[in-house]
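Summary of the model geometry
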Amino acid sequence: MVYLILGNKGSGKTKKLIDLVNAAVEKSNGNVVCVEKERLLTYDINYRARLVETDHFEVCGYDAFYGFLSGIVAGDHDITDILVDATLKIGGKDYEALANFLEKVANLSKIAEQDFTFTVSADEAELPARIFEVCEKI
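Since the structure is predicted, the reported quantities are computational estimates derived from the model, not experimental observations. (Residues numbered from 1 in each chain as written. Predicted model: local features only at pLDDT ≥ 70, side-chain atom pairs only at ≥ 80, totals over all residues. Heavy atoms only, no water.)

Thoughts on the side chain of T54
Here T54 shows up in the loop between β3 (50-53) and α2 (62-75). Using a relative accessible area of 0% as the deciding quantity, one classes T54 as buried. Those residues within four positions of T54 in sequence are excluded, and the remaining contacts are V35, E36, K37, V59, F68 and I90. (Helix = DSSP H or I, 4+ residues; strand = E, 2+ residues; numbered from the N terminus. Buried < 20%, exposed > 50% of the residue type's maximum accessible area, 1.4 Å probe, protein only. Contact = heavy atoms within 4.5 Å.)

What follows is the structure, given as structure tokens:
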């Protein structure tokens, strides 16, 4: 399943994501991965979660981002949850491209049987309605 944490800047999305990462680590029988644009959450998330920064791997744009997530999934079959902060900063602010990306991630989630959670700095009304056909808002 693909979950979205929505809200404008300063609305507490990252704090909620940190809580979800830490809760996932406690309940998971596998591995939890937290993806962020730049290294900011090192001291906030449980050390047992794998923290990966996309800037380190020069990931930008939704095509590269999807490939990056697919590589993470393919490289470790024990991952149960992948949580991503700052989705629009990594992929871009094109909401149609975001919708296409999330549709592909929803398919990847089904294939890999893994949950994905993304923070998105936007209100629900700003986003294409088709996003909510494949994603659930938290």
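On we go.
Describing the sheet that holds strand β4 (residues 79-84)
With parallel pairing, six strands are arranged side by side in an open sheet as β3-β2-β4-β5-β1-β6. Every other strand in the sheet has two partners, leaving β3 and β6 (135-137) as the edge strands with one partner each. The sheet shows a mean angle of 20 degrees between the axes of neighbouring strands, direction not considered. Sheet analysis places strand β2 (residues 31-36) next to β3, joined by four bridges and oriented parallel. Along β3, the bridge assignment pairs V33 with R50. Sheet contacts for helix α1 (residues 13-27): β1 (2-6), β2, β4 and β5 (115-120); angle to β4, the most-contacted strand, approximately 170 degrees. Of the strands in this sheet, β1, β5 and β6 touch helix α4 (residues 95-112), which is tilted by about 160 degrees from β5. (Pairing = 2+ DSSP bridges. Axes fitted to C-alpha atoms, helices over the stretch in contact; angles between N-to-C directions.)

Observations concerning the packing of α2 against α4
In contact at an axis separation of 10 Å, α2 and α4 are set at 10 degrees when each is read in the N-to-C sense. Our classification of the angle between α2 and α4 gives roughly parallel. As for how α2 packs across α4, the hand of that crossing is right-handed. Facing Y62, D63, F65, Y66, L69, S70 and V73 of α2, the residues of α4 in contact are A97, L98, F101, K104, V105, L108 and A112. Here the residues of the contact of α2 with α4 are counted per class, giving 11 nonpolar, one polar and two charged. (Parallel < 35°, antiparallel > 145°, perpendicular 65-115°, else oblique. Left-handed = near helix turned anticlockwise from the far one by under 90°. Nonpolar A, V, L, I, M, F, W, Y, C, P; charged D, E, K, R; others polar.)

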